[in-house]
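Chains, contacts and geometry: an overview
If you want the building blocks of each chain, they are given just below.
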Amino acid sequence: TVQFPDRPVSLQAWRLDVGRVPLYLLDADVEANRHEDRSLTQRLYPGAPEGRLQQEIMLGKGGMRMLAALGLRPAALHLNEGHAGFAPLERTTQLVQREGLSPNEARAVVRATTAFTTHTPIPAGHDTFEEDLIRRYFGRTAAGAGFTWERFLSLGRAPDEGGLFNMTYFSMSFSSRINGVSEKHGEVSRGLLQRYWPGLLGEEVPVTAITNGIHLATWTDPAVGPLLGRTDGPVRGEDFELHGADVDRAALWKVRRAAKRRLFEAIDRRIDQAARDHEMRSSILERMRGGLDEDALVIGFARRLAPYKRADLLLGKPERLRKLLSSTDRPVRILFAGKSHPDDGRGREILEALVEISRSEEFAGNVYFLENYDMTL
């Protein structure tokens, strides 16, 4: 149970085993809750600030309470963005109330065993809340953890900023290790977050970088495995390290071409479905199908269409884009896929712009927008 200003909200947990890793999912759709509260975990990233704050309370505080209810006492926390930023606060509160530590001692323990990863290189991707909203939800919590209200607020504010409470700052105040997700992103993040450490030079800001990896078994075509000597299941990182330099390049290119062919077949099916759904002009449909050239360089942009991810960046210089896409000796195809949040007006505008250019006489067959983005695509 987590406490909102005027009511408790109960959460149940679901467990999904992903290989050897247990994944726990929190769910507010339980009979004990009020009708309006049962949908709080139904949709990710609600547009209203209070809805986002409620979800982050359920994730951070609720997540730590769930672990305690399961008898799990983590030796360390890793926060992925500021969404779970209230988890170390709950952990601090537990140490104060159950172990008898002072607030400063508890925070020192938590900080020494918490790491924070930031992913977003612009301010718009970092959640902020007005002080009045934070006070409504955390006035009592701050005291329970042993913090004065001003001290609590200071953990989520940069010294030279206004009144907004920043979840990234709050998370960093409880973390001893902070990293971006590429060398360049680490550099950008040091500049973006420097105001939290006004006494430091840019290069002294304690944000390092650990370059994002991928789960090879998910994203590597199974046909690549035998080329790397893997015949007993999905590829692993060591397969690339041991055999990558010696792989049969002609065989690898053959596998790649086959994978590209399957991609184009999937695109063709989606084009056909889109033509039926939207009564597409036959000339546009022909251009789309005619553009599925297996010799073309294919660039994919498939992700959430939040404005800060800048899916429409390529559209900012139409003349340059036109020149790139009109080359016959070096053909290029750009595939867009993604969804915007229902409450995100700017995100919907971006989506509409991508759909429009993909169905224009000029760019159809060079730019594609693929509907119903999912993991299979």
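One can find the structure itself at the top, above this paragraph.
Read on for an overview of the structure. Given the structure is predicted, the values throughout are model-derived calculations rather than measurements. Residue numbers here run from 1 along each chain, matching the order of that chain's written sequence. Totals for whole chains, interfaces and linings use all residues, but because this is a predicted model, local features are given only for residues with pLDDT of at least 70 and pairs of side-chain atoms are given and counted only at 80 or more. The side-chain quantities take in all heavy atoms of the structure and omit both hydrogens and water.

Considering the nonpolar core
Definition in use: Nonpolar core, defined: a set of buried Ala, Val, Leu, Ile, Met, Phe, Trp, Tyr and Cys residues in which side-chain atoms within 4.5 Å join the residues together. Relative accessible area decides the class of each residue, using a 1.4 Å probe on protein chains only: under 20% of the type maximum gives buried, over 50% gives exposed, and in between gives partly exposed. Comment: elements are numbered from the N terminus, with helices defined as DSSP H or I runs of at least four residues and strands as E runs of at least two. We call two residues contacting when some pair of their heavy atoms lies within 4.5 Å.
Membership of the largest hydrophobic core comes to 30 residues, with the highest contact counts inside it found for Leu53, Phe86, Leu89, Ile134, Phe138 and Phe152. Listing elements by their share of this core, those giving two or more residues are strand 1 (2-4), helix 1 (49-69), helix 2 (86-99), helix 3 (103-112), helix 4 (131-144), helix 5 (149-154) and helix 6 (167-173). Looking at this core, the element that brings in the most residues is helix 4, giving five residues. Those residues in contact with leucine 89 that sit more than four places away from it in its chain are Phe138, Thr141, Ala145, Phe147, Phe152, Phe170 and Phe174. Listed in part, the 17 residues of the second largest apolar core include Met172, Ile178, Tyr196 and Trp197.

Considering the sheet that holds strand 6 (residues 114-117)
So the rule is basically this: Pairing between strands requires that DSSP locate at least two bridges from one strand to the other. The axes are straight lines fitted to the C-alpha atoms, using for helices just the contacting stretch, and the angles between their N-to-C directions are given from 0 to 180°.
Judged by pairing direction, the sheet is parallel, and its four strands sit side by side in the order 5-6-9-10 without closing on themselves. Looking at the sheet topology across the chains shown, the edges are occupied by strand 5 (77-80) and strand 10 (208-209). Alignment of strand 6 against strand 9 (residues 177-180), held across three bridges, turns out to be parallel. Pairing of threonine 117 across the sheet is with asparagine 179, part of strand 9. Each of strand 5 and strand 6 touches helix 2; the most contacted strand, strand 5, lies at about 150° to it.

Considering unusual backbone geometry
Phi at glutamate 279 takes a positive value of approximately 50°, unusual for a residue other than glycine. Here glutamate 279 is to be found in the loop between helix 10 (249-278) and helix 11 (282-290). Residue glutamate 279 is classed as exposed on the basis of its relative accessible area, which comes to 73%. One non-glycine residue with positive phi stands out, namely asparagine 372, at about 60°. Inspection of the secondary structure puts asparagine 372 in the segment after strand 13 (367-370). A relative accessible area of 56% places asparagine 372 in the exposed class.

Considering helix 2
Applied cut-off: An expected span of 1.5 Å times one less than the residue number is assigned to each helix.
Over its 14 residues, helix 2 runs 19 Å from end to end, which matches the ideal 20 Å to within 8%, given 1.5 Å per residue. Listed in full, the buried residues belonging to helix 2 are Phe86, Ala87, Pro88, Leu89, Glu90, Arg91, Thr92, Thr93, Gln94, Leu95 and Val96. A positive phi of about 75° marks glycine 100, the residue just after helix 2.

Observations concerning the pairing of strand 11 (residues 297-302)
Note the threshold: Handedness of a crossover is defined as follows: orient the strands so they point away from the viewer, and if the path from the first strand over the helix to the second runs clockwise, the crossover is right-handed.
Where strand 11 and strand 12 (residues 332-337) come together, six bridges link them in parallel fashion. Of the residues in strand 12, the one forming a bridge with phenylalanine 301 is phenylalanine 336. Each parallel crossover has a hand, and for strand 11 linked through helix 12 (residues 318-325) to strand 12 it is right-handed.

Comments concerning the pairing of strand 6
With four bridges joining them, strand 5 and strand 6 adopt parallel strand pairing. In the strand pairing of strand 6, leucine 77 is matched with threonine 114.

Focus on the layout of surface pockets
Basically, it comes down to this: With a 1 Å grid spanning the protein atoms alone, the term cavity applies to any set of points in which a 1.4 Å probe fits but cannot get out, the term pocket to an open set with protein on both sides within 12 Å along at least five of seven lines, and the term lining residue to any residue with an atom within 4 Å of a point. Grid points are joined across faces, edges and corners, and a volume is the space filled by probe spheres set on the points. Side-chain classes follow a simple rule in which Ala, Val, Leu, Ile, Met, Phe, Trp, Tyr, Cys and Pro form the nonpolar group, Asp, Glu, Lys and Arg form the charged group, and the remainder, Gly included, forms the polar group.
Its volume calculated, the second largest pocket comes out at about 1300 Å³. Along its surface, the second largest pocket is lined by 33 residues, and Trp219, Ala259, Leu263, Thr376 and Leu377 are the ones closest to its centre. Contributing elements (two or more residues each) for the lining of the second largest pocket: helix 8 (216-219), helix 10, strand 11 and strand 12. Classifying every residue of the lining of the second largest pocket gives 21 nonpolar, four polar and eight charged.

Brief notes about the sheet that holds strand 13
Pairing is parallel across the open sheet formed by three strands, whose spatial order is 11-12-13. On the outer flanks of this sheet lie strand 11 and strand 13, each paired with one strand and no other. Across this sheet, the average inter-strand angle for adjacent strands is 20°, counted without regard to direction. As defined by bridge partners, strand 12 adjoins strand 13 across four bridges and the pair is classed as parallel. Paired with phenylalanine 336 across the strands is phenylalanine 369, a residue of strand 13.

Note that all results are geometric; they support no functional claim without further evidence.
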